[in-house]
Amino acid sequence: MTLVMFDMDGTLIDTQALITEHMATTFEGAGLDAPSPAASRRVIGLSLPVALARLARSDDPVLIDKLVEDYRTHYRASVLTHSDREGLFPGALEALQRLRTWDGMRLGIATGKGLSGVHRITGNHNIADYFVTLQTPDHNPSKPHPGMLLRAMAETGALPAETVMIGDTTFDIEMGKAAGAWAIGVTWGYHEPTELIAAGADIMIDRFDELDAAIRKVLE
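Topic: unusual backbone geometry
Each neighbour pair has its own omega, and for lysine 143 with proline 144 the value is 10°, a cis peptide bond. A positive phi angle is found at asparagine 126, which is not glycine, with a value near 55°. You can see asparagine 126 is positioned in the loop between helix H6 (115-124) and strand S5 (133-135).

Section: the sheet that holds strand S8 (residues 203-205)
Taken in spatial order, the six strands line up as S5-S4-S1-S6-S7-S8 in an open sheet, and their pairing is parallel. With partners counted over all chains shown, the strands left at the sheet margins are S5 and S8, one partner each. Recorded for the sheet is a direction-independent mean angle of 25° between the axes of neighbouring strands. Bridging between strand S4 (residues 105-110) and S5 involves three bridges; their strand directions are parallel. Bridge pairing in S5 places glycine 108 opposite threonine 133. Across the face of the sheet, helix H10 (residues 211-219) comes into contact with strand S1 (2-6), strand S6 (163-167), strand S7 (182-186) and S8 while running at roughly 155° to S7.

Some points on the pairing of S4
The element S4 is extensively covered by neighbouring structure, given that five of its six residues are classed as buried. The sheet contact formed by S1 and S4 spans five bridges and is parallel. Paired with threonine 2 across the bridge in S4 is methionine 105. With H6 bridging S4 and its parallel neighbour S5, the resulting β-α-β unit is right-handed.

Some thoughts on the nonpolar core
Phe6, Phe131, Ile184, Phe208 and Leu211 are the most contacted members of the largest nonpolar core, which has 31 residues in total. Those elements giving two or more residues to this core turn out to be S1, helix H5 (92-99), S4, H6, S6, S7, S8 and H10. Apart from residues no more than four positions distant in its own chain, phenylalanine 131 is found in contact with Phe6, Leu12, Leu96, Leu107, Gly108, Ile109 and Thr122. Counting residues in hydrophobic clusters, the runner-up holds 20 residues, among them Ile19, Met23, Leu67 and Tyr71.

A short note on the pattern of salt bridges
Within this structure, the stated rule accounts for 13 salt bridges. We note a salt bridge from aspartate 7 to lysine 143, for which the minimum N-O separation is 2.9 Å. Taken as a pair, aspartate 7 in the loop between S1 and strand S2 (13-14) and lysine 143 in the loop between S5 and helix H7 (147-156) lie far apart in primary sequence, 136 residues in all. By the burial criterion, aspartate 7 is buried, and lysine 143 matches it. In this structure, the salt-bridge partner of lysine 66 is aspartate 70, at a minimum N-O distance of 2.9 Å. Taken together, the positions of lysine 66 and aspartate 70, both in helix H4 (residues 61-81) and four residues apart, correspond to about one turn of that helix. Classification of lysine 66 as partly exposed rests on a relative accessible area of 40%.

What counts, and where the lines are drawn
Residues numbered from 1 in each chain as written. Predicted model: local features only at pLDDT ≥ 70, side-chain atom pairs only at ≥ 80, totals over all residues. Heavy atoms only, no water. Helix = DSSP H or I, 4+ residues; strand = E, 2+ residues; numbered from the N terminus. Pairing = 2+ DSSP bridges. Axes fitted to C-alpha atoms, helices over the stretch in contact; angles between N-to-C directions. Contact = heavy atoms within 4.5 Å. Buried < 20%, exposed > 50% of the residue type's maximum accessible area, 1.4 Å probe, protein only. Right-handed = clockwise from strand over helix to strand, strands pointing away. Core = buried A, V, L, I, M, F, W, Y, C linked by side-chain atoms within 4.5 Å. Salt bridge = Lys/Arg side-chain N within 4 Å of Asp/Glu carboxyl O.

Written out as structure tokens, the structure is:
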């Protein structure tokens with residue numbers, strides 16, 4: 001068996017503008033200074049409460065709960081009218097279509113997004129049936145804790161040596177290595193390639209058409 005787990009934001013889907021926009025709106029609505037787009041990009045991939053607490057530099061549960069609810073309200077309203085703002089990166093669909101034909105291949109998602117968002121996006125792109133396991137903060141600790149991958153491996157029966165995590169942030173790479181899995185970093189996301197390499201990425205790719213060979217290389 002081979003289990004390949006994908007991050008979503010910054011890896012499969014291009015939501016940078018959408019996320020940074022609603023982070024700013026959320027903080028301004030709470031009377032706080034809006035985080036810069038660069039600061040917002042740094043926390044993409046974490047569960048939403050963890051990301052917002054880090055940006056707010058606060059552990060006040062009342063404030064964090066308010067920010068979480070406001071952000072979700074803004075985000076959901078936006079994608080209801082502009083579903084095209086959660087588009088797949090070039091080559092992502094083709095890569096998924098190729099990989100799912102491999103003998104013994106299982107595909108999954110490990111994301112900081114909530115499960116409802118995962119269902120919405122995979123449904124909008126008609127790829128819901130590509131994935132056999134969906135791991136989110138709804139039932140796991142936030143990245144970089146290895147819980148998402150450990151649960152995915154338990155659900156599918158995959159061993160760590162048979163599991164590959166694909167992601168664009170240090171949170172993805174650190175999670176993969178902590179779970180004993182292989183980790184492939186992508187250069188088109190929200191953290192710098194040098195950071196992913198320092199975090200332990202086994203290999204880096206610049207385009208989705210390089211993914212098949214990269215998976216074969218780490219598993220050989």
